[in-house]
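Each chain, letter by letter, is given below.
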Amino acid sequence: MNELKEILGEDLFGQLEAALKGKGKDGKDILLAVANDGSYLPKAKFDEVYREMREWKEKAGDTLADERAKENEQLKLELENLRYDAAMEKMLLGAKARNVKAVRALLDLDRIQWEDGSLTGLEEQLDELKQKESFLFAEEEKGFYQPAAAKAPTDFSRMSDEEYYQYVNQKG
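What you see is a predicted model, and the numbers here were worked out from it, not measured in a lab. For every chain, the first residue of the written sequence is number 1, and numbering continues from 1 along that sequence. With pLDDT at 70 or above as the cut-off, local features in this predicted model cover only qualifying residues; side-chain atom pairs require 80 or more to be listed or tallied, and sums for whole chains, interfaces and linings still use all residues. To obtain the side-chain values, all non-hydrogen atoms of the structure were included, while hydrogens and water were left out.

Visitor: Please clarify how the packing of helix α3 (residues 43–94) against helix α5 (residues 122–132) should be interpreted in this entry.
Guide: Two packed helices can be described by the angle between their axes and the distance between those axes. Here an axis means a line fitted to C-alpha atoms, over the contact stretch when the element is a helix, while the angle between two N-to-C directions is reported on a 0 to 180 degree scale. Helical segments are the DSSP runs of H or I of at least four residues, strand segments are the runs of E of at least two, and each set is numbered from the N terminus. In contact at an axis separation of 11 Å, α3 and α5 are set at 35 degrees when each is read in the N-to-C sense. In the crossing of α3 with α5, the sense of the turn from one axis to the other is right-handed. The segment α3 lies against α5, with M88, M91 and L92 engaging L122, E123 and L126. Class assignment for the residues of the contact of α3 with α5 results in five nonpolar, no polar and one charged. Left-handed describes a crossing whose near helix is turned anticlockwise from the far helix by less than a right angle; the clockwise case is right-handed. Contacts between residues were defined by any pair of non-hydrogen atoms, one from each residue, lying within 4.5 Å. Residues are grouped as follows: Ala, Val, Leu, Ile, Met, Phe, Trp, Tyr, Cys and Pro are nonpolar; Asp, Glu, Lys and Arg are charged; every other residue, Gly included, is polar.

Visitor: I would appreciate a short explanation of unusual backbone geometry in the present structure.
Guide: Leaving glycine out, the prevailing phi sign among residues is negative, and the prevailing peptide bond configuration is trans. Although it is not a glycine, K96 adopts a positive phi angle of roughly 65 degrees. Inspection of the secondary structure puts K96 in the loop between α3 and α4 (100–106). Burial status follows relative accessibility: with a 1.4 Å probe on protein chains alone, a residue under 20% of its type maximum counts as buried, one over 50% as exposed, and anything between as partly exposed. With relative accessibility at 36%, the residue K96 sits in the partly exposed group. The phi angle at D116 is positive, at roughly 50 degrees, despite the residue not being glycine. Turning to its location among the elements, D116 is positioned in the loop between β1 (113–115) and β2 (118–120). You can call D116 exposed: its relative accessible area is 84%.

Visitor: Help me understand the environment of E139, please; the structure alone is not making it clear to me.
Guide: By the element assignment, E139 lies in the loop between α5 and α6 (161–171). E139 sits 44 residues away from A95 along the chain, and the two C-alpha atoms are 9.9 Å apart.

Visitor: Which parts of the structure should I look at to understand the packing of aromatic side chains?
Guide: The description of two aromatic rings rests on the distance between their centres and on the angle between their planes. The aromatic pairing rule takes the rings of Phe, Tyr and Trp, using the six-membered ring of Trp, and pairs them if the centres are within 6.5 Å, calling planes under 30 degrees apart stacked, those over 60 edge-to-face and the rest tilted. Under the definition given, this model contains three aromatic pairs. Between the aromatic rings of F46 and Y50, the centroid separation amounts to 5.9 Å while the plane-to-plane angle is 15 degrees, which identifies the pairing as stacked. Within this pair, F46 and its partner Y50 are both found in helix α3, separated by four residues, close to a single helical turn. You can call F46 partly exposed: its relative accessible area is 43%. Since its relative accessible area comes to 37%, Y50 is described here as partly exposed. Taking the centre distance of 5.6 Å and the plane angle of 65 degrees together, the rings of Y164 and Y165 count as edge-to-face. Relative accessible area serves as the criterion here: at 52%, Y165 is assigned to the exposed category. The lysine or arginine in question, K59, covers the ring of W56, its NZ or CZ lying 5.1 Å from the ring centre. Think of it as a cone above the ring: NZ of Lys or CZ of Arg counts as a charge over the ring if it is within 6 Å of the ring centre and within 35 degrees of the ring normal. One cation-aromatic arrangement involves K130 over F137; the distance from NZ or CZ to the ring centre is 5.7 Å.

Structure below.
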């Protein structure tokens, strides 16, 4: 606007400003703009650029939504695979497999079904493997052997003198 003031001079510019006061829409002042320096963008051009921007934004949004859906599906699949692997390993350890990887390699995975968080068909295969390849599984541990007559050693330091003499007299 300073350029217009320089071109017209202060007197003429002041008259122009006074003539435009209150002449705009709804009684507002009309503002002057210098349009030849590229700072003015016609409304039609603005609307076109804005429409293109919205179209690109919608396309990008659709693309992002599709990518997010694919990523979510991939994550769900990975999670389900982790659950399957964990359930498989838990059952193999429960069957006392000495080497989980070796036993798993011998299983026919096509015969094992993963439904509702449980494995079906695995126990039958483990029973078969225990019969054929028993060395792959640890034997069931038996409890610690303790003879029936065994007693804990007598602690003489906790006995009174009377208890000690009774004990010695019983032994003979």
